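Residue strings, one per chain:
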Amino acid sequence: MALDLGGTNLRVCHVTLLGNGEHTIRQQKYVVSEELKTGPMRNLCDFIADCVDSFLTENGTIDSDSTIQLGYTFSFPVLQTSINRGVLKQWTKGFNCSGAVGKDVTILLQDSFRRKNINVNIAAIVNDTVGTLMAYAYKHPDTTMGVIMGTGFNASYYEDMNKVKKWTGKTDQEMVINMECGAFDCERRVLPLTVYDNKMDRESINVHQQLYEKMVAGMYLGEITRNALIELIDRQLLFNGESSKDLNKIWSFETAYMSSIEVDETEDLCDTAHILESVLSIPSTTLADRQIVKKVCNAVGVRAARLASCHIAGVLKHTGKVGQDCIIAIDGSLFEFYPKFEKNMGTALAAILGEQARSKVKFDLARDGSGLGAAIIAMIAAKN
Ligand code: ADP
Ligand code: MG
């Protein structure tokens, strides 16, 4: 089995590996409430255990007498000390549960399973980028990177162990590195932050952290766009200077709205009008207003894709893979649903590495990769 706590939803999966790169997966999504995201860790773990319990009850075909091995995709910065031990370093992506930082999150969840007599063993703790890399490698063993573009932004790749300074053991193999690249440039020296980024950062739970992630990932793009729109309103350049209660509310402009606005090819941008007037209650909008909004969404979306490609180009340069065939496995709703995200990433990669090198790189959607990958890792861990 696999559990995937990604940031927005909790997914419980039962995976059957069929060999030859084939698999079947049964899964159920559960919404993690704001209360659970910011309350005591014990409540979150009990909720997760209850979801696993109800999944097992509803999918009664799983043999309940033997212990079920589970891969726990826990996608927050963890100091991993063994295959199923990991201490939480800090929360990201809007989570802020008390009693978790500095603790081993597998032990906390295993305790909840024990208290509730759920016969499940956490065989592995997995980062979603690593799960995605492993899931894709199950079918395409030469996969180069695992990348997440969902609520958050992060990536993993293979590194020569002799280059891993923290590692003191044998060094004749490769090791998968979870880069936690969303934490790049906490010092704010490199990233070209705008006033709209800074305002969003200031109002987030983790101020001055995860700044790269905040410029790229699904949780944040809508809020950056909202900040830009509010400024245009205040300068009397948009909506005749009128905002609405809904648009004034922080985090009210969802990244999914940007997707709908970006695909709106109607002559009078009526889908955009619907979002602005019906969903966000702006009193009235002109076609020029809607064109401006579309342009702002596009600027924020293209910037995100370009910044994401900078990271991928950096890893390819670092590992000497520029010009070689590379598969980049990517999971997450932003990559899956945001219009032209993949195309924009490709254009940016060509600008950095050249068209020839870009043509060798294949971005591929690894849908639900993090769940499948965690199950694969749990199976191998349990067998070993
Ligand atoms: P997680 O990262 O929690 O595993 P997802 O991969 O589903 O989950 O990503 C959720 C994020 O994707 C949310 O932050 C949301 O804003 C964003 N998102 C969801 N639907 C869309 C969409 N249609 N277009 C762009 N972004 C979306
Ligand atoms: Mg995910």
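Residues numbered from 1 in each chain as written. Chains lettered and ligands numbered in written order. Predicted model: local features only at pLDDT ≥ 70, side-chain atom pairs only at ≥ 80, totals over all residues. Heavy atoms only, no water.

As recorded by an unreviewed UniProt entry, the chain carries the name Phosphotransferase and is attributed to Thamnidium elegans. Entered under Sequence similarities (unreviewed entry) in the UniProt record, the comment concerning the chain runs "Belongs to the hexokinase family." (UniProt positions renumbered as here; feature names shortened; annotations may be inferred.)

Looking at the UniProt feature "domain: Hexokinase C-terminal" (unreviewed entry) in the chain
In the UniProt entry, the feature "domain: Hexokinase C-terminal" (unreviewed entry) is given for residues 145–379. Span residues 145–379 is 51% helix and 12% strand, its end C-alpha atoms 21 Å apart. (Helix = DSSP H or I, 4+ residues; strand = E, 2+ residues; numbered from the N terminus.)

Let's talk about the site of ligand 1
Around ligand 1, 14 residues are found, and the nearest of them are T8, T151, S259, G332 and S333. Between ligand 1 and S333 there is a distance of 2.5 Å, counted from an oxygen atom to a side-chain nitrogen or oxygen. Relative to its free-state accessible area of 570 Å², ligand 1 is covered by the protein chains to the extent of 77%. Under a 2 Å grid-point criterion requiring more than half of the atoms, the pocket assigned to ligand 1 is the second largest pocket. (Near = heavy atom within 4 Å. Polar contact = N/O pair within 3.5 Å; in protein donor to acceptor, adjacent residues only side chain to side chain. Areas by Shrake-Rupley, 256 points an atom, 1.4 Å probe, with all protein chains shown as cover. 1 Å grid on protein atoms, 1.4 Å probe; cavity = no way out; pocket = protein on both sides within 12 Å on 5 of 7 lines; lining within 4 Å. Sits in = over half its atoms within 2 Å of the grid points.)

A word on helix 10 (residues 270–279)
Among all positions in helix 10, only T272, A273, I275 and L276 are buried. For helix 10, the buried positions fall inside an angular range of 160° around the axis, keeping them on one side. Taken from the residues just after helix 10, S281 is the one with a positive phi, measuring 60°. (Buried < 20%, exposed > 50% of the residue type's maximum accessible area, 1.4 Å probe, protein only. Arc of directions from axis to C-beta.)

Thoughts on empty space enclosed by the protein
Going through the model one piece at a time under the given rule, you end up with one cavity of 30 Å³ or more. By volume, the largest cavity is sized at about 90 Å³. Lining the largest cavity are 14 residues, with S75, K93, N154, E180 and E213 positioned closest to its centre. When its residues are assigned to classes, the lining of the largest cavity shows four nonpolar, six polar and four charged. (Points joined across faces, edges and corners; volume = space filled by probe spheres on them. Nonpolar A, V, L, I, M, F, W, Y, C, P; charged D, E, K, R; others polar.)

Focus on the layout of surface pockets
If you add up the space inside the largest pocket, you get close to 1,600 Å³. Forming the boundary of the largest pocket are 39 residues, of which Q80, M175, V176, I177 and N178 lie nearest the centre. Those elements that provide at least two residues to the lining of the largest pocket are strand 5 (78–82), strand 7 (120–126), helix 4 (128–139), strand 10 (174–178) and helix 15 (369–383). The element best represented in the lining of the largest pocket is strand 5, accounting for five residues. Estimated volume of the second largest pocket: approximately 1,200 Å³. In terms of lining residues, the second largest pocket is bounded by 43 residues, among which T8, N9, G150, T151 and S333 are the most central. Going through the elements one at a time, strand 2 (9–19), strand 3 (22–31), helix 1 (34–38), helix 7 (218–234), helix 9 (255–263) and helix 12 (333–337) are the ones with two or more residues in the lining of the second largest pocket. In terms of residue count, helix 7 provides more of the lining of the second largest pocket than any other element does, five residues in total. Here the residues of the lining of the second largest pocket are counted per class, giving twelve nonpolar, 18 polar and 13 charged.

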